[in-house]
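# Observations on the three-dimensional arrangement
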Amino acid sequence: KKISDSQIETLIFAHRGSSGTHPENTMVAFQEAFHVGANGIELDVHLTKDGEVVVIHDEKVDRTTNGTGFVHEKTLNELKQLDAGGWYSNYLKGETIPTLNEVLEWISDKKLLLNIELKNDILQYEGLEEKVIQLVHIHGLSTSVIISSFNHYSLVKVKQLDKEIEIAVLTYDILYQPWKYVKSIGASALHCNKSFAFSNMISQAQQQIPIRVYTINDELEMKQILLKGLSALITDFPKKAIQLKSTLLK
Ligand code: G3P
Ligand code: MG
């Protein structure tokens, strides 16, 4: 069945960049997402020992670099010595852990949304919210940034510090009438996992608030999400999602 353009409004967000094809949370993964035409990028941030905001998923560097140990026990200089691409492919050796500042600088002249996920649900990082907000403002990006976290206390703090910046509730759980909770903490959207997106509660929820679903990599699931018209689909394979979206529009 052919559907008209206006019926698919689902934006494609590249999860940790184009992390299905490039090493996650590195500049090459973000560049690839931009190159294939993603609408937005999702990335994860932690604080270093010397208080710099860096882009990496785990609390430790072990899985995605050639180093070992906690991000918060290393200085930025120490982290910058690590290789963040070689674990993924020999060809991409030499990638480093980006700072949030570097990503914001790169994105500032591009038409790309940026979802910054504060990774402070396991470890708490003193001052992370203030630092992220300050960086976003330095680059004049407060209208194209969405801040999310599994730590909802942190989201409330972000909102208290900056009323303008968009916050989004990130959850694994199936919440009852999540729009009420989302609105009650000053958030404007729900970032949910696929069990909620594929549940029969989704249609009521999407009428109330924008719903962005993570992490959809399977083509059939992508198609279902696109046809439901959720606000965004967060995927490791943005190119595949964009191609599928254009096929559905033909
Ligand atoms: O922000 C959506 C998604 O990134 C949350 O899970 O573990 O991939 O950061 P995770
Ligand atoms: Mg994330």
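Described below are features of the structure shown in this document. Keep in mind it's a predicted model, so treat the numbers as computed, not measured.

Cut-off values and rules
Residues numbered from 1 in each chain as written. Chains lettered and ligands numbered in written order. Predicted model: local features only at pLDDT ≥ 70, side-chain atom pairs only at ≥ 80, totals over all residues. Heavy atoms only, no water. Helix = DSSP H or I, 4+ residues; strand = E, 2+ residues; numbered from the N terminus. Rg over C-alpha atoms; globule rule 2.2 N^0.38 Å. Buried < 20%, exposed > 50% of the residue type's maximum accessible area, 1.4 Å probe, protein only. Contact = heavy atoms within 4.5 Å. Areas by Shrake-Rupley, 256 points an atom, 1.4 Å probe, with all protein chains shown as cover. Donors = N, O, S within 2.8 Å, 3.2 Å for Na, K, Ca; no water.

## A short note on the overall build of the protein
Scanning the protein from terminus to terminus reveals ten helices and nine strands. Compactness check: the protein gives a C-alpha radius of gyration of 18 Å against a globular reference of 18 Å for 250 residues, within 12% of the reference. Dimensions along the principal axes, computed over C-alpha positions, put the protein at roughly 55 × 40 × 30 Å. The proportion of buried residues among the 250 residues of the protein is 56%. A separation of at least 24 residues holds for 53% of the contacts in the protein among residues at least 6 apart in sequence. A total accessible area of about 11,500 Å² is found for the protein, and carbon and sulfur atoms account for 50% of it.

## Considerations on the coordination of the magnesium ion (ligand 2)
Here the magnesium ion (ligand 2) is held by the protein donor atoms E42 (OE), D44 (OD) and E117 (OE), which lie 1.9 to 2.2 Å from it. Between consecutive donor residues of the magnesium ion (ligand 2), the sequence gaps follow E-x1-D-x72-E. Taken as a pair, D44 in strand β2 (residues 40-47) and E117 in strand β4 (residues 113-118) lie far apart in primary sequence, 73 residues in all. Overall, the relative accessible area of 0% leaves D44 in the buried class. Classification of E117 as buried rests on a relative accessible area of 4%.

## Considerations on unusual backbone geometry
Here the bond from Y214 into T215 is cis, since omega is -25 degrees, no more than 30 degrees from zero. As for its placement among the helices and strands, T215 is situated in the loop between β8 (211-214) and α9 (219-228). Phi at N25 takes a positive value of approximately 55 degrees, unusual for a residue other than glycine. Structurally, N25 can be placed in the loop between β1 (11-15) and α1 (27-35). The class of N25 is buried, set by a relative accessible area of 3%.

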